[in-house]
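# Descriptive structure summary
One-letter residues, chain by chain:
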Amino acid sequence: MKRDAVQRPGRLKVPILPGNVTSLRRIIDHAAIGMALLGKDGRLLYANRSFQTQTGYTARQSAGLKLADITHPQEQRKLRPTARGKDGVELCYVRRDGSLFHALTSLSKLGKGHGKFDAILQLTPIEARKERDQVLAENEWRWNQALRSAEQGVWDIDIANNRIWISPYWEGVLGFGSDKADVFRKKWLARLHPDDRAHMQRAIDGLRGGSLSETHETYRLHRADGVWIWILSRGKVTHRAPDGSALRIIGTTADITRQKETEALLAATTDRLDIALAAGGVGIYDVDVRTGLRNFDDRTLALHGLKRATFDSTQKAWEHAVHPDDLARVLQQIATTRASQQNTTQYDYRVIHPSGAIRHIHAIARLIRAPDGAALRVIGVCRDVTEEAERTQRLQEALTQLAATTERLELALEAGGIGIFDVDIAADKRRFDDRILALHGLSREDYDGSREAWAQTIHPDDRARLIEQITADRASGEASQHYDFRVVHPRSGVVRHIRSITRQIHAVDGAVQNVVGVSWDVTSEVEQTTRLLETAARLATTTDRLNLALEAGDVGTFDTDVVAGRHMLDARTLTLLGREPGDAGHTVETWMGAIHPEDRPRIEQEFAANLASTVTSAQYDFRVVHKRSGAIRHIRSLTRLIRDEMGKALRATGACWDITDHVERARQLREALSLLDAIMNATPDLVFAKDLAGRYLITNKAAEKVTGHSVADVVGKDDTEIYPAETAAIYIANDRHALATGQPHTVEETGVTDGVPRIWLTNKAPLRDAHGHVIGLVGVARDITEIKKAETALRETLELLDAVMRGTPDLIFVKDRDSRYLVANEALGRVLGRKTEDMLGLRPADVHPPHVAEKLMAHDRRIMTSGAAQTIEETILVDDVSRIFLSTKAPRRDEHGNVIGIIGIARDITDMKTAEAAVMALNQRLQIAIEASGGGVFDADMTKPEFRWGSRMYELYDLPRDAYDGTLEQC
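Let us look at the structure shown here. (Residues numbered from 1 in each chain as written. Predicted model: local features only at pLDDT ≥ 70, side-chain atom pairs only at ≥ 80, totals over all residues. Heavy atoms only, no water.)

With that settled, the discussion passes to the overall build of the protein. Each helix and strand counted, the protein has 35 helices and 37 strands in total. Each of the 971 residues in the protein was classed as buried or not, and the buried ones make up 35%. When contacts within the protein are restricted to residue pairs at least 6 apart in sequence, those whose partners lie at least 24 apart make up 40%. (Helix = DSSP H or I, 4+ residues; strand = E, 2+ residues; numbered from the N terminus. Buried < 20%, exposed > 50% of the residue type's maximum accessible area, 1.4 Å probe, protein only. Contact = heavy atoms within 4.5 Å.)

The next point concerns the pairing of strand β28 (residues 745–753). Side chains on a regular strand alternate between the two faces of the sheet. Burial along β28 is one-sided: H745, V747, E749, G751 and T753 are buried, and none of T746, E748, T750 and V752, which face the opposite way, are. Taken together, the nine bridges between β28 and strand β29 (residues 756–768) define a ladder with antiparallel strand orientation. Across the sheet, residue E748 finds its bridge partner in β29, namely L761. Where β28 folds back on β29, the antiparallel hairpin that results is connected by two residues, among which D754 adopts a positive phi of roughly 55°. (Pairing = 2+ DSSP bridges.)

So, on to the sheet that holds strand β20 (residues 512–521). An order of β17-β16-β20-β19-β18 is seen for the five strands of this open sheet, with the pairing classed as antiparallel. The open sheet has two edge strands with one neighbour each: β17 (429–432) and β18 (480–488). On average, adjacent strands in this sheet sit at an angle of 25° to one another, irrespective of strand direction. With six bridges connecting them, strand β16 (residues 419–424) and β20 associate as antiparallel partners. By the bridge assignment, F421 is partnered in β20 with G517. Contacts from helix α18 (residues 460–476) reach β16, β17, β18, β19 (495–506) and β20, with the element oriented near 165° to β18. (Axes fitted to C-alpha atoms, helices over the stretch in contact; angles between N-to-C directions.)

The next thing to look at is α18. In a regular helix each residue adds 1.5 Å, so 17 residues correspond to 24 Å; α18 covers 25 Å between its end C-alpha atoms and thus fits that length. Among the residues of α18, D462, L466, I470 and D473 are the ones counted as buried. In an axial view of α18, the angular spread of the buried residues amounts to 70°, which keeps them on one side of the axis. Among the exposed residues of α18, those oriented more than 90 degrees off its buried face are P460, A464, E468 and A475. In this structure, the buried residues of α18 make contact with α17 (451–455), β18 and β19. Downstream of α18 by a residue or two, G477 has a phi angle that is positive, lying close to 85°. (Expected span 1.5 Å × (residues − 1). Arc of directions from axis to C-beta.)

With that settled, consider the packing of aromatic side chains. Taken as a whole and assessed by the stated rule, the structure comprises ten aromatic pairs. Ring centres of Y93 and F101 lie 5.5 Å apart, and the angle between their planes is 25°; this geometry places the pair in the stacked category. F101 shares its class with Y93; the two are buried. When the ring of Y285 is compared with that of F296, the centres are 6.2 Å apart and the planes differ by 70°; the resulting orientation is edge-to-face. (Phe/Tyr/Trp six-rings, centres within 6.5 Å; stacked < 30°, edge-to-face > 60°.)

If you trace the five strands from one edge of the open sheet to the other, you get β2-β1-β5-β4-β3, paired in antiparallel fashion. Single-partner strands in this sheet number two, and they are β2 (44–47) and β3 (89–94). Between one strand and the next, the sheet's axes are offset by a mean angle of 35°, whatever the strand orientation. Here strand β1 (residues 34–39) pairs with strand β5 (residues 117–125) via six bridges, running antiparallel. Of the residues in β5, the one forming a bridge with M35 is Q122.

Moving on, we get to helix α27 (residues 725–741). With 17 residues, α27 should cover 24 Å at 1.5 Å per step; its first-to-last C-alpha distance of 25 Å lies within 8% of that length. Within the span of α27, buried status applies to T727, A728, Y731, N734, D735 and A738. Each buried residue of α27 sits inside an arc of 135° when the element is viewed along its axis, so together they form one side. In α27, the exposed positions angled more than 90 degrees off the buried face are occupied by A725, E726, R736 and A740. Tucked into the core, α27 has its buried residues touching β26 (686–691), β28, β29 and β30 (774–783). At the C-terminal side of α27, G742 shows a positive phi close to 70°.

A few words now on unusual backbone geometry. Even without being a glycine, S819 presents a positive backbone phi close to 65°. Within the element layout of this structure, S819 appears in the loop between β31 (811–816) and β32 (821–824). Given a relative accessible area of 2%, S819 falls into the buried group. Although it is not a glycine, D880 adopts a positive phi angle of roughly 70°. Looking at where D880 falls in the secondary structure, it is placed in the loop between β33 (870–878) and β34 (881–893). Looking at D880, the relative accessible area reads 74%, which means it is exposed.

What follows is the structure, given as structure tokens:
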């Protein structure tokens, strides 16, 4: 023991664990005892294979369990000592299938610095020991019973008195009667096995004649019941006559039939064991712990690449054969086992043969200890498990690749909105995943998997055709089929177009056993049916559901090795990036080169930030520039990051697809909303929308003047909170009428604004959602108070009234930054002699002479440059006649405040300008006449009363200008 404790030269002072986390995890996974890691809440976070085998729970099923969940209820009280760190507590556990097993339980706290892991749980199975203890107890009971019942026979032969005594048990065994001596003499030899009679006769003669004093013989005897048994008989002469002949012999007999049978069985078993060891390549070894010498059989030597002639049986000679990377670990494991109370252990290590070949060895050892527990000898077996280790490595690599492929499949299916289904033909049952259920408008509670439940979701116009097509396809024997049909969602009544691709799986006899397939929503792609059908036919040629799903969604995939910096792209991703297979590099930098220069810094920054964080998934939107065509496309990429146990990103797998159409539609929508907002806030009309409860959802700036509230204050309130009760009642009644009829409704509404009655011409119509359901009300109200006043005064002018009713005579228009007309009213069309729809997209140069067009565009540019509204007079030709228009133009802005055009309203003031000129001329003539006459001019307003004097009046009255206040009294 002291020699083992001395630090030898070259021996490591501390144990060495594998530096590779994967290797350490593999060692734990292959440990013979059950091991599990517990979180701070006591729940299982990880379980190795032995733990899963013992408990019957898989790794996924065991996650989240507590130790109490698998402990027998009667053993729950023992958990407290275990929780306090007591090792080797024997507990009874309940497997997942309900069966019981026993194990020695150890729970060790890990301390700080281990993240979410708090403790390690170890379960050492003791079922075999329990069974051995039970067998030992039974054997002890049998032995005691044997001793008590005196099953061993005793005999006593008194030759001098011609008497024989046989113990009662053996009387029955041998079947002797009352005349024992006669039986012994006449029948005993006859019951002996023919092969044993000669040597037994010699033994008897030797005892009687004096040549033998005692005997120890084994023979076979024909028992009274007809069964041959083996007998061990020991006899000794106790009395002799003077001539040396025997007078009395006493001895024992024992039935050793079982022993003989066991010996035969042991011999046969030994032969079979030798054959099995040779067939399995298993070697046997024996180690003297005190001397360190090893006794290896030929197979053990061969496994370690050793030869008997050169192997000196020392530990150093064995250590020389062990791989240097494994030696310290194995030595530490051996030392730990010897220092503990374990008697059996297993080792896995590598050896290096003289040829340089590396082989994996698995050894099982049993320790033989002294009464004080000190290890004396080690007996064990070992075998070459190189092929198993290599298979395990290949399996692990395959599982890793499978996990990555599965993640890419799920990501692709999710990105493409593709569902998977399976039909059991024999049972006529359909298994739908969640996406298939959603495509058919079903919930898992509603759907029972039957053909009828599925058929009810198919559009009535497609149902018969689809079922007939499916029946025909199954009979045809074709491996793959595709179907286009419509479904009607049971609850909403929404109709969706579905495309399915299926593949038949045949039994050995050729009958269709299962049908598997995928489905996705093609409602928005119905116009592209031909192209999609061709794609589906190509997809049906492969059994790989991943490629089927990816091509159906036109989704590309990629896989990035973050550590190596390599980037693998599939063909669809190359196409999306505008690259050819020969163009694509294998580095992340090459892939980044396809991204639009304006987006590249952002994507690089986002990608680097995600790698440094703990996120496991990320989305990127960016533009790419196609290398050959220069086309710019918008791409969306969904990426999943795979990290090691420390959270370091190792790989990034993902999918990407083209969202250019989506981005373009979003841009058009923003422009339309911007245009609507500009029109709403430029018009003097009130524009609003309400929900079914009459609460305002939206309104424009014009409403602020009418209501006296800001737009923000109006939204969310109803008319009773904004207008006087009488006015609100009128508005609400008209709202209800429009909602009740479901039709647009135009009405004149009278309300009081700032104490002044106002008349509004209001157009109200139901507001509907995408399904046509009425969800509120929209309206436009124009203040026609002045028009109504003019109506009263000028009723006879029917044409003017009609013009007012049709709309303003002012010219209203909206232009973009190039002065192209985006909106033009009928008045503008009439002025320019064109239909309104023909005006759209035209520039001033397209409808005006060059000199007029240039002035108009110069005005437009000045307003867009200044960013401020302006009112100017503009002259244009109308029917070859110059007309003067008073134009108010304001810049039109997008949601970012950028000027994207102008909005304008122009009024023809030619007549007004002519009248102004005539008045000015008349005034000039009148002034000349007055000056010629020498008279003064005054203006008397008798309603006030007030006098206004011309300059000549002050001269006539000889007054300074500030001496007259204009009153009648002073006059």
